[in-house]
Amino acid sequence: MARRILLLGPPGAGKGTQAALIANALHVPHISTGDMLRAAVVAGTDLGTQVESIMAAGELVSDRLVVAIVDERLAEEDARCGYLLDGFPRTLGQAEALNDSVVDAIGTVVLLDVDTEEVVKRLLKRAEEEGRADDNEETIRRRLEVYEADTAPLVAFYGAAVVAVDGTGTVDEVLSRIMITLAKS
Ligand code: B4P
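Counting starts from 1 at the beginning of each chain's written sequence and moves along it residue by residue. Where totals are concerned, whole chains, interfaces and linings use all residues; where local detail is concerned, this predicted model gives features only for residues with pLDDT of at least 70, and gives and counts side-chain atom pairs only at 80 or more. Side-chain measures were taken over the full set of non-hydrogen atoms in the model, leaving aside hydrogen atoms and water.

Colleague: Explain the overall build of the protein chain here, please?
Modeller: Only DSSP runs of H or I reaching four residues or more are called helices, and only runs of E reaching two or more are called strands; each is numbered from the N terminus. The helix and strand tally for the protein chain stands at nine helices and five strands. Secondary structure of the protein chain in N-to-C order comes out as β-α-β-α-α-α-β-α-β-α-α-α-β-α. Within these notes, the globule rule equals 2.2 Å times the number of residues to the 0.38 power, and the radius of gyration is based on C-alpha atoms. Since a compact globule built from 185 residues should have a radius of gyration of about 16 Å, the 16 Å found for the protein chain is in line with a globular shape. By its C-alpha atoms, the protein chain is 40 × 35 × 30 Å across when sized along the principal axes. Buried means the residue's accessible area, taken with a 1.4 Å probe over protein chains only, is under 20% of the maximum for its type, while exposed means over 50%, and partly exposed covers the values in between. Across the 185 residues in the protein chain, those meeting the buried criterion constitute 44%. Accessibility throughout is a Shrake-Rupley quantity obtained with a 1.4 Å probe, and a residue counts as covered only by protein chains that appear here. For the protein chain, the accessible surface area stands at approximately 9400 Å², while carbon and sulfur atoms represent 53% of it. Think of it this way: Lys and Arg go in the positive column, Asp and Glu in the negative one, and His and the chain ends go nowhere. Taken as the charge centre is NZ of Lys, CZ of Arg, CG of Asp or CD of Glu, depending on the residue. Taking the 18 positively charged and 31 negatively charged side chains of the protein chain as two groups, their mean positions are separated by 4 Å.

Have a look at this one:
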């Protein structure tokens, strides 16, 4: 059966970290809108130029732009037998658009549960190590507000498909909890 998984959680919950490991273990493509948008910024494409300042401010890129890049990506051959979505959908509008374009778009939603102070700490550490434009304290707090307002309502939208997993501890400990949860779902 196709595995169609969505990884949900606040910025810094470990979505990007875990998504790469899970996708590798399950042999499904890891589709990260954050990675796709950052790649567009680095490549200096029209899309990158449109989204650069929005991302640096911690705001969400418009549903129209994000839905278009995901639709294109999901039409590729490797996504036919499943995928792991990381960072998309992030709004109810995106979730509805995904349901309109793919039948049974999401089977399981893994909600990574990490408290606010821990995610702020992780993202400030990454700021020191990687210098990402959106990892300063003001923008991090803004991204957390945007998560609560726009993305957290997806938990109710996906209802019974959602399984919460404790996202604290080492990367391996979190991965092992997720894999056990997915094996049961
Ligand atoms: P994303 O790239 O999705 O970034 P994020 O939500 O901040 O999560 P990220 O994946 O980076 O963090 P992770 O938890 O893995 O989005 C960036 C921006 O792109 C958005 O703000 C928005 O502007 C735009 N965007 C993306 N998708 C969009 C959409 N669908 N619609 C509109 N706009 C969109 O890791 C954080 C840190 O924690 C890392 O340094 C990691 O090493 C560390 N970490 C991970 N696990 C840990 C653990 N167990 N213990 C300690 N540290 C850990």
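Moving on, there is more to tell.
Colleague: Could you clarify how one ought to interpret the packing of helix H4 (residues 63-74) against helix H5 (residues 92-101) in this entry?
Modeller: Angle between the axes and distance between the axes: these two values describe a pair of packed helices. Convention adopted: a line fitted to C-alpha atoms gives each axis, helices being fitted over their contacting stretch, and angles between N-to-C directions are expressed from 0 to 180 degrees. Where H4 meets H5, the axes come as close as 10 Å, and the angle between the chain directions of the two elements is 30 degrees. Between H4 and H5 lies a crossing of right-handed hand. Residue-level contacts link Asp 63, Val 66, Val 67, Asp 71 and Leu 74 of H4 to Gly 93, Gln 94, Ala 97, Leu 98 and Ser 101 of H5. Ten residue types, Ala, Val, Leu, Ile, Met, Phe, Trp, Tyr, Cys and Pro, are classed as nonpolar, four, Asp, Glu, Lys and Arg, as charged, and the remainder, Gly among them, as polar. Its residues placed into classes, the contact of H4 with H5 shows five nonpolar, three polar and two charged. Put simply, a crossing is left-handed when the front helix is turned counterclockwise from the back one by less than a right angle, and right-handed when it is turned clockwise. Contacts were defined at the residue level, with two residues in contact if any of their heavy atoms lie within 4.5 Å.

Colleague: Just checking my understanding: could you explain the sheet that holds strand E1 (residues 3-8) for this structure?
Modeller: Between any two strands, pairing holds if DSSP finds at least two bridges. Spatially, five strands are ordered E2-E3-E1-E4-E5 in an open sheet, and the strand pairing comes out parallel. Looking at the sheet topology across the chains shown, the edges are occupied by strand E2 (30-32) and strand E5 (162-166). Taken pair by pair, the neighbouring strands of this sheet meet at an average axis angle of 25 degrees, ignoring direction. Note that E1 and strand E3 (residues 82-86) share five bridges and pair parallel. Pairing of Leu 6 across the sheet is with Leu 85, part of E3. Set on the sheet, helix H9 (residues 171-184) makes contact with E1, strand E4 (108-113) and E5; between it and E5 the angle comes to about 155 degrees.

Colleague: In this structure, what is going on with the pairing of E3? I would like to understand it.
Modeller: Side-chain positions along a regular strand alternate between the two faces of the sheet. The buried fraction of E3 is high, at five of five residues. As paired elements, E2 and E3 share three bridges and run parallel to each other. Bridge pairing links Ile 31 to Leu 85 in E3.

Colleague: Would you explain the packing of aromatic side chains in this entry?
Modeller: When we look at a pair of aromatic rings, we describe it by the centre distance and by the angle of the planes. Pairs were defined over the aromatic rings of Phe, Tyr and Trp, the Trp ring being its six-membered one, requiring ring centres within 6.5 Å. Orientation was assigned from the angle between planes: stacked under 30 degrees, edge-to-face over 60, tilted for the rest. Taken as a whole and assessed by the stated rule, the structure comprises one aromatic pair. Plain terms: the ring middles of Phe 157 and Tyr 158 are 5.0 Å apart, the flat faces sit at 90 degrees to each other, and that makes the pair edge-to-face. Residue class for Phe 157 comes out partly exposed when judged on its relative accessible area of 31%. Take Tyr 158: its relative accessible area is 11%, and that puts it in the buried class.

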